[in-house]
Amino acid sequence: QGLLRRSLSHSFLSFASITGARQAIQKLTRVRVVDNSALGNTPYHRPPKCIHVYNKTGVGKVGDTILLAIKGEKKKALIVGHKMPGPTVTPRFDSNNVVLIEDNGNPTGTRIKTPIPYILRRREGEFSKVLAIARNFV
Amino acid sequence: RISSDGKPAKFQPPPKPVIIDKQKQREERRFLSPEFIPPRGRTDPLKFYIERKDMIQRRKVINIPEFYVGSILAVTTADPYANDKTNRFVGICIQRGGKGLGATFVLRNVIEDQGVEVCYELYSPRIQAIEVLKLEKRLDDNLMYLRDALPEYSTFDMNMKPVSRLDHEEIPVNKLQVRMKPKPWSKRWERPKYNIKGIKFELPEKKMKEAQKWSQPWLEFDMLREYDTSKIEDKIWKEVSEELKK
């Protein structure tokens, strides 16, 4: 039979936040390269780390260029997703994702399997080649 | 049968069959979305009344179905940067937060081995449709621990078909106990403050006992923290259902 639900909620959970720590990309963050370039996929004893963010603030969000240190080399990269929650309808990824890029903006790899947020389409002019190799969009 | 008098017994008509009208039973179960219930505080109830009017207005335009944390939803939003200008996302609801017009819910899915979570606002005009593909509840109100669970528990097919269910059935509670990735986790889910029942802890007994050190058993009996919403819910339910029928 249907039951009338009476709720007596204890409000002690309201201040105990259950969300995890929020991180955007800044200097020394370890990132995950998601394209199929050789530099990004060959194993190395140190993870790729960000050493500079090309931004007024040192904090990189989706669509910002950063300088990575991979396998002892410096390489520019484009941020395609981070663990920090952003504006409400944008996706939040479980890892800080990055696509390797040349100085002129051409991507190093040829395919991107992981989903890319639609927000990047706003800057179609600069990232057209990266968006062209992306397969899934979220 | 012959009664004690010797005369034939008075005719007893057979007992009338009891007709259980399922339609009437259905009306007994009612669901009030949690964002209608005002939070405890000293704000003027007029503010909540005006917000409720706006929420009902929005609900007349779009059908916001009944769903709980643990149900699988498909949300289509208007996106200027997508092909077809619409963006469809399927995922399991892990959290429902906010009250009033700012009520949100977070959907989680794992696409191509990458966990993605999107937080949607229920009453945002950008949302074009909310579909419930599978309506069910879980053992907890907050499934944030799915981030530290094995990815198979958060993967759902983007082209999943809606699971049909009858109207008058009780909402099924999925008593699934989720297996976790090895520690470290984003939060220490074994601690009693999160009160999680949906994880199959494979930690040694010593660690479980050590986690109980942080238990605060007096909180359950703290009367100042009680918020009895039963009467408020009844009033708001009557108000909302009348407005929606118009």
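For chain B, the name recorded in an unreviewed UniProt entry is Large ribosomal subunit protein bL19m, with Nyctibius grandis as its organism. According to its UniProt record, chain B has this under Subcellular location (unreviewed entry): "Mitochondrion".

An unreviewed UniProt entry annotates chain A as Large ribosomal subunit protein uL14m of Nyctibius grandis. UniProt lists a comment for chain A under the heading Subcellular location (unreviewed entry), and it reads "Mitochondrion". Check the Sequence similarities (unreviewed entry) section of the UniProt entry for chain A; it says "Belongs to the universal ribosomal protein uL14 family."

(A) Here's a closer look at the overall build of chain A. If you tally the helices and strands in chain A, you get 2 helices and 7 strands. Written out in order from the N terminus, the α and β elements of chain A read β-β-α-β-β-β-β-β-α. Expressed as a percentage of the 138 residues in chain A, the buried residues total 43%. Sequence-distant contacts, at least 24 apart, represent 45% of the contacts inside chain A between residues at least 6 apart. Roughly 7,700 Å² of accessible area belongs to chain A as shown, and the carbon and sulfur atoms make up 52% of that amount.

(B) Region of interest: the packing of aromatic side chains. All names here are of chain B. Using the criterion set out here, one finds 7 aromatic pairs over all chains in the structure. Relative to W189, the ring of Y145 has its centre 6.4 Å away and its plane inclined at 70°; by these criteria the two rings are edge-to-face. Residue Y145 is found in the loop between β6 (137-138) and β7 (173-174), and its partner W189 is found in the loop between β7 and α3 (205-211); the two are separated by 44 residues along the sequence. Looking at W189, the relative accessible area reads 2%, which means it is buried. Taken together, the ring pairs connect F67, F105 and Y120 into an aromatic cluster. Sitting above the plane of the Y68 ring, K137 keeps its charged end 4.7 Å from the centroid.

(C) Geometry of the side chain of D140 of chain B. Residue and element names in this part refer to chain B. Following the sequence through the fold, D140 ends up in the loop between β6 and β7. Buried within the structure, D140 lacks any salt-bridge partner; its nearest side chain of opposite charge belongs to K197, at an N-O separation of 5.5 Å. Engagement of the side chain of D140 in a polar contact is seen with the backbone nitrogen of G198, the distance being 3.2 Å. In this view, D140 contacts V69, Y145, N195, I196, K197 and G198; residues no more than four positions away in its chain are not counted.

(D) Structural view of a nonpolar patch on the surface. Taken together, the side chains of L46, Y49 and I50 of chain B define a hydrophobic patch exposed on the protein surface, amounting to about 290 Å² of accessible area. Here I50 of chain B falls in the partly exposed class, since its relative accessible area comes to 44%.

(E) Summary view of unusual backbone geometry. Residue K183 of chain B is joined to P184 of chain B through a cis peptide bond whose omega torsion reads 10°. With respect to the element layout, P184 of chain B can be found in the loop between β7 and α3. Here L28 of chain A, not a glycine, exhibits a phi torsion of approximately 75°, which is positive. Note on L28 of chain A: relative accessible area 61%, which makes it exposed. Positive phi outside glycine occurs at D84 of chain B, with the angle close to 65°. Checked against the element boundaries, D84 of chain B lands in the loop between β1 (72-78) and β2 (86-97). Judged by relative accessible area, which is 67%, D84 of chain B ranks as exposed.

(F) The sheet that holds strand β7 (residues 97-101) of chain A, seen in detail. Residues and elements named next belong to chain A. Ordered in space as β2-β7-β5-β4-β3, the 5 strands form an open sheet in which the pairing is mixed. The open sheet has two edge strands with one neighbour each: β2 (32-33) and β3 (49-53). Sheet topology places strand β4 (residues 65-70) next to strand β5 (residues 73-81); 6 bridges connect them, and they run antiparallel. Within the sheet, the bridge partner assigned to A69 lies in β5 and is K74.

Procedures and definitions
Residues numbered from 1 in each chain as written. Chains lettered and ligands numbered in written order. Predicted model: local features only at pLDDT ≥ 70, side-chain atom pairs only at ≥ 80, totals over all residues. Heavy atoms only, no water. UniProt positions renumbered as here; feature names shortened; annotations may be inferred. Helix = DSSP H or I, 4+ residues; strand = E, 2+ residues; numbered from the N terminus. Buried < 20%, exposed > 50% of the residue type's maximum accessible area, 1.4 Å probe, protein only. Contact = heavy atoms within 4.5 Å. Areas by Shrake-Rupley, 256 points an atom, 1.4 Å probe, with all protein chains shown as cover. Phe/Tyr/Trp six-rings, centres within 6.5 Å; stacked < 30°, edge-to-face > 60°. Lys NZ or Arg CZ within 6 Å of the ring centre and 35° of its normal. Lys, Arg positive; Asp, Glu negative; His and termini not counted. Salt bridge = Lys/Arg side-chain N within 4 Å of Asp/Glu carboxyl O. Polar contact = N/O pair within 3.5 Å; in protein donor to acceptor, adjacent residues only side chain to side chain. Patch = residues over 30% accessible without salt bridge, like charges linked within 9 Å, V, L, I, M, F, W, Y side chains within 5 Å. Pairing = 2+ DSSP bridges.

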